[in-house]
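One-letter residues, chain by chain:
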Amino acid sequence: MRPARLPAATAIAAVAALTAVTGCTEKSDAKGGGNTVEVTATDDKCEVSKTKLSSGHVELAIENKGSKVTEVYLLFPDDRIVSERENIGPGTKQKLTAEVKSGSYQIACKPGMKGDGIRQKISVSGGKAVKRDPRLDKAVADYRAYAQEQADATLPKVKLFTDAVRKGDIEAAKKTYANSRIGWERTEPVAESFGDIDPKVDLREDGLEEDQDLEKDWTGWHRLERSLWQDKKLGERDKELATLLDKDLKDWQKRVGKAEITPTSMANGAKELLDEVATGKVTGEEERYSHTDLVDFKANVEGAEKAYGLLKSVASENDPALTKELDKQFAALDKLLGKYREGGGKDSYEFTSYDKVGKADRKGLQDGVNALAEPLSKLAAAVVSSK
Amino acid sequence: MTHDTAGTAGATGTSGTSGTSGTEPEEAGSGKGNSASPSRRSLLGWGGAGLALGAAVTGGAVAVARSGEGEEAVPASSAGGAVAFLGKHQAGITTPVQDRLHFAAFDVKTDDREQFVQLLKDWTKAAARMTAGHEVGEGAFGGLVEAPPDDTGEALGLKPSRLTLTIGFGPSLFEKFGLKDDRPEALVDLPRFPGDNLDKTRGGGGLCVQACADDPQVAVHAIRNLARIGFGKVAVRWSQLGFGKTSSTTPGAQTPRNLFGFKDGTRNISGEDNSALAKHVWVGEKDGPDWMAGGSYLVARRIRMNVETWDRTPLGEQEDIFGRDKGEGAPVGKAKEHDEPFLKAMKPDSHVRLAHPDTNDGATILRRGYSFTDGTDGLGRLDAGLFFLAYQRDVRTGFIPVQRSLARADVLNEYIQHVGSAVFAIPPGVRDKDDWWGRALFS
């Protein structure tokens, strides 16, 4: 429910630690005059004066000739940020500098500061090549694919749910509700990184602002959850909301593959999934009408485990004690969750209704989450300390 | 007088803290010139204690400072100094009572003995650093930006504030790690006392840590960081914040009052009275088991006070209930607070009379309890009372006889209720920088 995107400064620092490329956007004392790229940004174009550069100090001289505020990024091919400059107003000029090693890069202009931006490829040659751990590039690529798979698999499950709502079939809608959310919950930090989709689909009643109307402005899964379990009826508005949910999640599906993902954002995203459990699921706030919190809980843990699994080979080289502890705590939490499975095999998503889970059991779940989340918070450090 | 290094404590300039750190000398000595030293020696030697609810005479902000040479009275809390962590006994028992408390009890979650021992070592290390006023591990800032810092940071810039951290082992710990035969006989499960209304979620625990400091932020920081280091191995079961110490181990001019407005617990064992400490507080070599020698036993009780009904009680009745007058705190029929009470002059069910060692075959305990208020209780009543902490050589001859006597007859029971309860074995102190909490038990 919170924006999970790494602050820009953190993302840059992460990249710096990974690759020894330093973004220094404040400096304007560009040394190599021949290494300046003029970037002309408009509302639909991102023109660069050259696409071949020498390694070392690079300067982007940016001019916004468009009508919208824009931002310009220097990116690695997998979308990790080398350096960025935000809030470049129409008609203004800004400079962005970076120390860059040889390799291929992209420059992206984002008119309106939204979307993937308009891209230009550039190549940097000479000097030392950027030292990159191909395992981390692969981890990012695999995680991106995972996020996409989850979104692709979610859409039909959501349609089962929304079709039931549109038909006014309360029982069928209730049955398909929790299942429709699993893919989303597994990859929540990625989905949240877009900022605009999350409040449309996953907002809880108490997330509305003071001037927002409960009937008009509240959309998404939890609004329908309330209709189904609390109001126990489906009206015209619910049918509209079902269609809107389909549409908003289609948007998510389209964008998820292009999310900004770095090894550190994966590691901290895994921790954030546990934070979601600790603050929203353990308390029963997330699914306050349906009490299907344990389904979300399980999905959050699975998503965290996926990200961890992809980073594990690198992390275990740098901090074997940490990965040993993480393996143990993931297994312990899975086992603990298993206690609340109602029928079905070990892959079943039929969990005890959370209103039936007593205080002492909730404390046990919280203890299990703490036991995993604390070492998980150290995963990013174990990933970036690799050389 | 002779002293142990850890127990009596105070601001230390030269005595050992952790291996990596020492207290700033100027902090330790800064109070020397303006000491408001009471004539403590003239007040020493009251061996008796026994008021179960209680305040005692205190030196206020005055505490004992210790240097390499000898001792001088120094207002240690205003100096914000550090209390020596190493010593024969753990600090935080006879240490002049600090102003604030954060007490936490933990459940042991791990079944892995090695992992648990590592936790005790990690905690010892962190405790040595924090009591010396240093950050945990690599500190609170300046490290990798992608990782959370080792220290949570809210005590940055604050003085050591006489922080003491005292660890205890609860009965349930001895159910684990093959420790059944090591459980001391003196660590009994407390019997049920009449009137108890114990909330299981506010009692028990396999481990406890008592954090006392003159600054609440320092005490809370210490527990929070230990809890964090412990995640996965131990989990906080319950905790209690306390303020307004209700008893003192440094007899002085002022007696703090409890939330009923009374000076209660005038008699407490002085932290300087080594013969009384040896007799009533420290576990002796022959008391058994060996690993407890130099330790003690702690009883913690959360005692809720019905302050609203108390406040509607006539003054005369209030004074009869305690057996002391409200203004001076003198025992019935006497003029001064410290006058020897004449028990027979008090009502048979008065609190002081029932709690007195003479009524309980000499049972004597060292108290360092705190008042608490945890807001209101949902019915608009102040959720307040006394968080009672008593140290003794043997629970069977310490707390139990006193509480039996009180629970049966104390007229004060109309206004109080025991709602939380726990008992812990307090191991001896950490001797040197290679030693760790509980080593004698686990080695």
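**Student:** Sorry if this is basic, but what is going on with the pairing of strand β9 (residues 370–376) of chain B here?
**Tutor:** Every other side chain in a regular strand lies on the same face of the sheet, so the side chains alternate between the two faces. Residue and element names in this part refer to chain B. Bridge count between strand β6 (residues 234–245) and β9: 2 bridges; the pairing is antiparallel. Looking across to β9, one finds that Phe243 is bridged to Ser371. Note: β9 against strand β10 (residues 382–392), 5 bridges, orientation antiparallel. Each residue of the ladder has a partner; that of Tyr370, found in β10, is Phe387. Following β9, the chain reverses through 5 residues before pairing antiparallel with β10; Gly378 in that reversal takes a positive phi of roughly 95°.

**Student:** How do you make sense of the sheet that holds strand β1 (residues 36–41) of chain A when you look at a structure like this?
**Tutor:** Pairing between sheet strands relies on hydrogen bonds along the backbone, with the strands arranged either parallel or antiparallel. All names here are of chain A. One open sheet holds the 4 strands; their spatial order is β2-β1-β4-β7, and the pairing between them is mixed. The two strands at the open ends of the sheet, each matched to only one other strand, are β2 (46–48) and β7 (93–100). Taken pair by pair, the neighbouring strands of this sheet meet at an average axis angle of 20°, ignoring direction.

**Student:** How should I be thinking about the domain arrangement of chain A in this particular structure?
**Tutor:** Note: interface size is frequently given as the accessible area lost on complex formation between the parts. Residues and elements named next belong to chain A. Here chain A is partitioned into domain 1 (11–125) and domain 2 (134–384). Taking the mean C-alpha position of each, domain 1 and domain 2 sit 34 Å from one another. On the domain 2 side, the residues contacting the 10 residues of domain 1 number 12 residues. For the pair domain 1 and domain 2, the summed buried surface comes to about 890 Å²; carbon and sulfur atoms form 54% of the total. At the surface where domain 1 touches domain 2, the tally comes to 1 salt bridge.

**Student:** Please explain the confidence of the model for chain B as it appears in this structure.
**Tutor:** It should be kept in mind that the predicted coordinates are not to be read in detail where pLDDT is low. All names here are of chain B. With 81% of its residues at a pLDDT of 70 or more, chain B shows a mean pLDDT of 84. Predicted confidence for residues 1–77 stays below pLDDT 50, and this span has 230 contacts to residues more than four positions away or in other chains. Among the scores for the predicted complex, ipTM is 0.76 and pTM is 0.77.

**Student:** Even after reading the chapter, I still don't get the interface of chain B and chain A, so can you show me in this structure?
**Tutor:** Each side of the interface is counted separately: chain B has 14 residues, and chain A has 18 residues. The junction of chain B with chain A conceals about 1200 Å² of combined surface from both sides, 56% of it contributed by carbon and sulfur atoms. The tally of links from chain B across to chain A stands at 2 salt bridges. Between Glu374 of chain A and Arg228 of chain B there is a salt bridge; the shortest N-O distance is 2.9 Å. Put simply, chain B and chain A have 5 residue pairs in polar contact (both at pLDDT 80 or more) between them. Of all the elements, β6 of chain B adds the most residues to the side of chain B that touches chain A, at 3 residues. Partitioned by chemical class, the residues of the side of chain B that touches chain A number 7 nonpolar, 3 polar and 4 charged.

**Student:** Even after reading the chapter, I still don't get the layout of surface pockets, so can you show me in this structure?
**Tutor:** Of the pockets and cavities examined, the largest pocket occupies roughly 1200 Å³. Gln118, Leu119, Asp122, Ile229 and Lys233 of chain B are, among the 40 residues lining the largest pocket, the residues nearest its centre. The set of elements that each furnish at least two residues to the lining of the largest pocket consists of α11 (320–338) and α12 (359–376) of chain A together with α4 (113–131) and α5 (216–230) of chain B. With 11 residues, the single largest contributor to the lining of the largest pocket is α4 of chain B. Per-class residue counts for the lining of the largest pocket are 13 nonpolar, 9 polar and 18 charged.

**Student:** How do you make sense of the environment of Gly206 of chain B when you look at a structure like this?
**Tutor:** Residue and element names in this part refer to chain B. With respect to the helices, strands and loops of the structure, Gly206 is situated in the loop between β4 (164–169) and β5 (207–213). Look at Gly206 and you get buried, because its relative accessible area is 0%. As for Gly206 and Pro427, which are separated by 221 residues in sequence, their C-alpha atoms are 13 Å apart. In contact with Gly206, not counting residues within four places along its chain, are Phe106, Asp107, Gly168, Phe169, Gly170, Ser172 and Leu173.

**Student:** Explain the nonpolar core to me, please; I cannot follow it from the model alone.
**Tutor:** If you look at soluble globular proteins, the nonpolar side chains tend to sit buried side by side. In this structure, Phe161, Trp221, Leu249, Trp252, Leu294, Phe297 and Leu379 of chain A are the most contacted members of the largest nonpolar core, which totals 77 residues. Aside from chain neighbours lying at most four places away, what touches Phe297 of chain A is Val277, Lys281, Val282, Leu333, Leu337, Leu365 and Val369 of chain A. Core analysis: the next-biggest nonpolar cluster, separate from the first, contains 70 residues, Met130, Phe177, Phe193 and Val430 of chain B among them.

**Student:** Any chance you could explain the pattern of salt bridges here in plain terms?
**Tutor:** All names here are of chain A. Applying the stated rule across the entire model yields 58 salt bridges over all chains. The closest approach of N and O atoms between Asp202 and Arg181, which form a salt bridge, is 2.9 Å. One end of the pair, Asp202, is in the loop between α6 (197–201) and α7 (221–231); the other, Arg181, is in the loop between α3 (170–180) and α4 (182–186), with 21 residues separating them in the sequence. Arg181 carries the same exposure label as Asp202, and that label is buried. Here the salt bridges do not stand alone but share partners, grouping Arg181, Glu185, Glu188, Asp202, Arg204, Glu276, Lys281, Glu285, Glu286, Glu287 and Asp296 into one network.

Cut-off values and rules
- Residues numbered from 1 in each chain as written.
- Chains lettered and ligands numbered in written order.
- Predicted model: local features only at pLDDT ≥ 70, side-chain atom pairs only at ≥ 80, totals over all residues.
- Heavy atoms only, no water.
- Pairing = 2+ DSSP bridges.
- Helix = DSSP H or I, 4+ residues; strand = E, 2+ residues; numbered from the N terminus.
- Axes fitted to C-alpha atoms, helices over the stretch in contact; angles between N-to-C directions.
- Domains from an automatic or database assignment.
- Contact = heavy atoms within 4.5 Å.
- Buried area = accessible area lost by both parts, 1.4 Å probe.
- Salt bridge = Lys/Arg side-chain N within 4 Å of Asp/Glu carboxyl O.
- pLDDT = per-residue confidence, 0-100.
- Polar contact = N/O pair within 3.5 Å; in protein donor to acceptor, adjacent residues only side chain to side chain.
- Nonpolar A, V, L, I, M, F, W, Y, C, P; charged D, E, K, R; others polar.
- 1 Å grid on protein atoms, 1.4 Å probe; cavity = no way out; pocket = protein on both sides within 12 Å on 5 of 7 lines; lining within 4 Å.
- Points joined across faces, edges and corners; volume = space filled by probe spheres on them.
- Buried < 20%, exposed > 50% of the residue type's maximum accessible area, 1.4 Å probe, protein only.
- Core = buried A, V, L, I, M, F, W, Y, C linked by side-chain atoms within 4.5 Å.

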